[in-house]
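# Coordinate analysis (summary)
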Amino acid sequence: MLFGLRHNQPDETVAEVFGCSQATITRSHQILQPVLRWVTRPEVNQRLEQTRREGVPVDGFVAPVDEREAYHGLFSGKKHVCGQNVQVIANLDGRVADVGDPVDGARHDAAAFHISGITQRWADHLAPGGPGMIGDGGHQGTGPTTPHRKPPGGELTATQKAYNYSVNRLPPPSNAPSATRRTGRSSRPATTRS
């Protein structure tokens, strides 16, 4: 079971690898997943508390869904895909700390940031004297620290460019989840065996 969870494999694949039925793997998941959640809960809570004390990056990505012609607002013109805009908060190591409620894919990150509930749950980070939050250009004007936008027909000053460089150094938290969603593989580098 841990093999399937670690590598995000379907039950049919895990059953084939271990020479048992898919139903056996599914039953083992149903039994062991609550145990794993109970065992890992203290570490999860500790990481969340640490994240609540430090600055966090926020980003959004479009999680693709099938064509849903009956549902308006799912098509993202920017990404050219039907989906839902998901706002993600991570810790400074890039691990996902919180995920907002899905919003129609046609919504811009700035709107999805508020609608998803992330703004309310992480309001302490946006308050004066709070730990802070960093977002990309799609979050301008919503509260997080964002890079300067190039003025129409002008250029950024050297100070603005240096500021943008420092803001953009952190990887956005949605890289790992969206890469996994698109390809079925994590964006983490593979470990080598010696």
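Residues numbered from 1 in each chain as written. Predicted model: local features only at pLDDT ≥ 70, side-chain atom pairs only at ≥ 80, totals over all residues. Heavy atoms only, no water.

### Comments concerning the packing of aromatic side chains
Heads up, the rule is: Aromatic contacts are taken between Phe, Tyr and Trp rings whose centres are within 6.5 Å, Trp giving its six-membered ring; a plane angle under 30 degrees counts as stacked, one over 60 as edge-to-face, and the others as tilted. Charge-over-ring placement is defined geometrically: NZ (Lys) or CZ (Arg) within 6 Å of the ring centre, and within 35 degrees of the ring normal.
Here the structure, examined in full by the defined rule, presents 0 aromatic pairs. A cation sits over an aromatic face here: Arg 52 above Trp 122, 4.3 Å from the ring centre.

### Observations concerning the side chain of Thr 146
How we decide: Only DSSP runs of H or I reaching four residues or more are called helices, and only runs of E reaching two or more are called strands; each is numbered from the N terminus. Relative accessibility thresholds used throughout: buried, under 20% of the residue-type maximum; exposed, over 50%; partly exposed, between the two (1.4 Å probe, protein chains only). When checking whether two residues touch, look at their non-hydrogen atoms; a contact exists if any pair is within 4.5 Å.
Mapping Thr 146 onto the fold places it in the loop between β6 (133–134) and α7 (158–168). The exposure class of Thr 146 is buried, given its relative accessible area of 13%. Contacts of Thr 146, omitting those with residues within four sequence positions, involve Gly 135, Asp 136, His 139, Gln 140, Tyr 163 and Val 167.

### Details of the pattern of salt bridges
To keep things clear, this is the line we draw: Whenever a carboxyl oxygen of Asp or Glu lies within 4 Å of a side-chain nitrogen of Lys or Arg, that contact is scored as a salt bridge.
All chains considered together, the criterion is met by 3 salt bridges. With its nearest N and O atoms 2.8 Å apart, the salt bridge here joins Arg 47 to Glu 43. A residue pair is termed a helical-turn pair when its members lie 3 or 4 positions apart in one helix, as Arg 47 and Glu 43 do in helix α3 (residues 22–53) at 4 residues. According to the relative accessible area criterion, Arg 47 is partly exposed, its value standing at 33%. With a relative accessible area of 41%, Glu 43 lands in the partly exposed category.

### A word on the pairing of strand β1 (residues 56–64)
What counts here: Strands pair, by our definition, only if DSSP identifies at least two bridges between them.
The buried fraction of β1 is high, at 8 of 9 residues. Pairing between β1 and strand β3 (residues 81–90): 7 bridges, direction antiparallel. Each bridged residue has a counterpart across the sheet, and for Ala 63 the counterpart in β3 is Gln 84.

### Description of a nonpolar patch on the surface
The test is simple: Two distance rules govern patches: like charges are joined within 9 Å, and nonpolar side chains (Val, Leu, Ile, Met, Phe, Trp, Tyr) within 5 Å, applied only to residues with over 30% relative accessible area and no salt bridge. Residue exposure ignores everything except the shown protein chains as possible cover, and the areas themselves are Shrake-Rupley values with a 1.4 Å probe.
Judged by side-chain polarity, Ile 31, Leu 32, Val 35, Trp 38 and Val 39 come together as a nonpolar surface patch covering roughly 540 Å² of accessible area. Assignment of secondary structure puts Ile 31 in helix α3.

### So, the confidence of the model for the protein chain
Here is the rule: Confidence of the predictor at the level of single residues is given by pLDDT, which spans 0 to 100.
Per-residue confidence for the protein chain averages 80 on the pLDDT scale, and 85% of its residues sit at or above 70. Within the model, the stretch residues 176–194 combines pLDDT values under 50 with 14 contacts to residues more than four positions away or in other chains.

### Describing the side chain of His 139
Rules: Any pair of N or O atoms that falls within 3.5 Å is considered a polar contact. Within protein, one atom must be able to donate a hydrogen and the other to accept it, and sequence-neighbouring residues count only if both atoms are side-chain atoms.
Turning to its location among the elements, His 139 is positioned in the loop between β6 and α7. Exposure remark for His 139: the relative accessible area of 0% places this residue in the buried category. Polar side-chain contacts of His 139 include one of 2.9 Å to the side chain of Asp 136. Apart from residues lying up to four places away in sequence, His 139 is in contact with Val 58, Asp 59, Gly 60, Gln 87, Asp 109, Phe 113, Pro 144 and Thr 146.

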